[in-house]
Amino acid sequence: MWSGDELDLDAYLARIGWRGGEPLADLRTLKEVHRAHTGAITFESLDVLFGRDVALDVRTVEAKLVHDRRGGYCYEQNTLLAAALERIGFEVSGRGARNRTRGDTLLAVTHAVLVVTVEGEPWLCDAGFGWQGPCEPVPLARPGADVRQGEWVFRVREEADGVLVLCVSRDGSWRDLYAFSPQPYHPVDYVVLNHYSSSHPRSAFVGQVIVQYPGERVRSALVGRELSRLLPDGRVERRAVAAGELLALLEREFGLRLPERDAAELLRMYRAGD
């Protein structure tokens, strides 16, 4: 389903810094590949800002995220992760999720996530929720169980009709990140969601810089002209980013070094708002 046979698995594993030997379709490999992926490949939607098409076929995603060492947003990230996991031998299924980080505002289903089954147990895998997302798989068979990932604690709770909600602990309380139903999604469904996210004028990705990274201790996000750094104690540090420091900041905070053409285009657009 995920065209894993078209993926250069060796190149992907090199890109994420894999040092685990021959990957196997077991829980250890799933956790280590997931963490390596989120640690190596930055969340970013700059091609949407540039007005470019965002293609989701595996070879195009591989060329961009693996060989060109760019980042991507949820559809690209999880398309690549799904292809790699399928190639390794995992059973991978897609889901469509509804973002809940904006309070009581009801948002459309636009986020792509994965469910991977290992030894009969389903795990939520998501390399594409930016600075707030998990760095490792989260178990789905045990709703309510706390899952610590470094300084961060996640939990999945179950609502009516089988809807599952990924939550994160912050400031002594649980906050919803997103909710998803049991209905399987296929790659073609992500093409439709991607079209909205990359072109609709109300999409959060259209018309602004979005680059994010879920660090081990500090989680960082550049949205528009503001850099936010989320700390484990719940504090959020914010400051404005000037055009003169933008490219250095992208490399320092997010490990993202843009090709010369993209760097020039980004600076041109960034300065146009001055």
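Preceding this section is the structure that the text describes.
These remarks concern the structure in this document.

Each value, and the rule that gives it
- Residues numbered from 1 in each chain as written.
- Predicted model: local features only at pLDDT ≥ 70, side-chain atom pairs only at ≥ 80, totals over all residues.
- Heavy atoms only, no water.
- Phe/Tyr/Trp six-rings, centres within 6.5 Å; stacked < 30°, edge-to-face > 60°.
- Lys NZ or Arg CZ within 6 Å of the ring centre and 35° of its normal.
- Salt bridge = Lys/Arg side-chain N within 4 Å of Asp/Glu carboxyl O.
- Helix = DSSP H or I, 4+ residues; strand = E, 2+ residues; numbered from the N terminus.
- Buried < 20%, exposed > 50% of the residue type's maximum accessible area, 1.4 Å probe, protein only.
- Lys, Arg positive; Asp, Glu negative; His and termini not counted.
- Polar contact = N/O pair within 3.5 Å; in protein donor to acceptor, adjacent residues only side chain to side chain.
- Contact = heavy atoms within 4.5 Å.
- Pairing = 2+ DSSP bridges.
- Axes fitted to C-alpha atoms, helices over the stretch in contact; angles between N-to-C directions.
- Expected span 1.5 Å × (residues − 1).
- Parallel < 35°, antiparallel > 145°, perpendicular 65-115°, else oblique.
- Left-handed = near helix turned anticlockwise from the far one by under 90°.
- Nonpolar A, V, L, I, M, F, W, Y, C, P; charged D, E, K, R; others polar.

**Some points on the packing of aromatic side chains**
Turning to step 1, where the next piece is worked out: The final tally for this structure, using the stated rule, is 8 aromatic pairs.
Turning to step 2, where the next piece is worked out: Where Y73 meets Y75, the ring centres are 5.1 Å apart and the plane angle is 90 degrees; that geometry is what we call edge-to-face.
Turning to step 3, where the next piece is worked out: An aromatic cluster of three or more residues is present, and its members are W2, F43, Y73, Y75, Y185, Y190 and F205.
Turning to step 4, where the next piece is worked out: Above the plane of the ring of W152 lies R219, whose end atom (NZ or CZ) is 4.9 Å from the centre.
Turning to step 5, where the next piece is worked out: Directly above the aromatic system of Y270 lies the positively charged group of R225, at a separation of 4.4 Å from the ring centroid.

**Observations regarding the pattern of salt bridges**
Turning to step 1, where the next piece is worked out: If you walk through the whole model with that rule in mind, you get 28 salt bridges.
Turning to step 2, where the next piece is worked out: Between R52 and D262 there is a salt bridge; the shortest N-O distance is 2.7 Å. In this pair, R52 sits in the loop between α3 (46–49) and α4 (58–67) while D262 sits in helix α8 (residues 260–272), placing the two residues 210 residues apart along the sequence.
Turning to step 3, where the next piece is worked out: Judged by its relative accessible area of 23%, R52 is partly exposed.
Turning to step 4, where the next piece is worked out: Residues participating in the shared-partner salt-bridge network are E44, D47, R52, K64, R70, E76, R261 and D262.

**A few points about the side chain of E62**
Turning to step 1, where the next piece is worked out: As for its position among the elements, E62 is in helix α4.
Turning to step 2, where the next piece is worked out: The buried charged residue E62 lacks any salt bridge partner; its closest oppositely charged side chain belongs to R59, at an N-O distance of 6.7 Å.
Turning to step 3, where the next piece is worked out: A distance of 2.7 Å separates polar atoms of two side chains, one belonging to E62 and the other to H67.
Turning to step 4, where the next piece is worked out: Each residue touching E62, except ones within four places of it in the same chain, is listed here: E6, L7, D8, H67 and L80.

**Regarding the side chain of H111**
Turning to step 1, where the next piece is worked out: Inspection of the secondary structure assignment puts H111 in strand β3 (residues 109–118).
Turning to step 2, where the next piece is worked out: Here H111 falls in the buried class, since its relative accessible area comes to 5%.

**Some thoughts on the environment of H67**
Turning to step 1, where the next piece is worked out: Tracing the backbone shows H67 in helix α4.
Turning to step 2, where the next piece is worked out: The exposure class of H67 is partly exposed, given its relative accessible area of 45%.
Turning to step 3, where the next piece is worked out: Along the sequence, H67 and A11 sit 56 residues apart, while their C-alpha atoms lie 7.8 Å from each other.

**As for the sheet that holds strand β9 (residues 173–180)**
Turning to step 1, where the next piece is worked out: Judged by pairing direction, the sheet is antiparallel, and its 8 strands sit side by side in the order β5-β4-β3-β2-β9-β8-β7-β6 without closing on themselves. Two strands close off the open sheet at either side, each with one partner strand: β5 (138–139) and β6 (147–149).
Turning to step 2, where the next piece is worked out: Docked against the sheet, helix α2 (residues 27–40) engages β3, β4 (121–125) and β6, running at close to 5 degrees with respect to β4.
Turning to step 3, where the next piece is worked out: Strand contacts of helix α6 (residues 187–199): β2 (91–99) and β3, with the helix running at about 145 degrees to β3, the strand carrying the most contacts.

**Brief notes about the sheet that holds strand β12 (residues 226–230)**
The strands making up a sheet associate through hydrogen bonds between their backbones, and the pairing can be parallel or antiparallel.
Turning to step 1, where the next piece is worked out: Here 5 strands make up an open sheet; going across it, the order is β1-β10-β11-β12-β13 and the pairing antiparallel. In this open sheet, the two strands that pair with only one neighbour each are β1 (43–44) and β13 (236–240).

**Quick word on α6**
Turning to step 1, where the next piece is worked out: For α6, spanning 13 residues, the distance from its first C-alpha to its last is 18 Å, which sits close to the expected 18 Å at 1.5 Å a residue.
Turning to step 2, where the next piece is worked out: Within α6, the full set of buried residues consists of Y190, L193, N194, S197 and S198.
Turning to step 3, where the next piece is worked out: Considering only its buried residues, α6 is in contact with α3, α5 (74–88), β2 and β3.

**What to know about the packing of α2 against α5**
Turning to step 1, where the next piece is worked out: Look at α2 against α5: their axes get within 11 Å of each other, and the N-to-C directions meet at 150 degrees. Between α2 and α5, the interaxial angle falls into the category roughly antiparallel. As for how α2 packs across α5, the hand of that crossing is right-handed. Contacts between α2 and α5 involve T29, L30, V33, H34 and H37 from the former and Q77, L80, L81, L85 and I88 from the latter.
Turning to step 2, where the next piece is worked out: Class assignment of the residues belonging to the contact of α2 with α5 gives a composition of 6 nonpolar, 4 polar and no charged.

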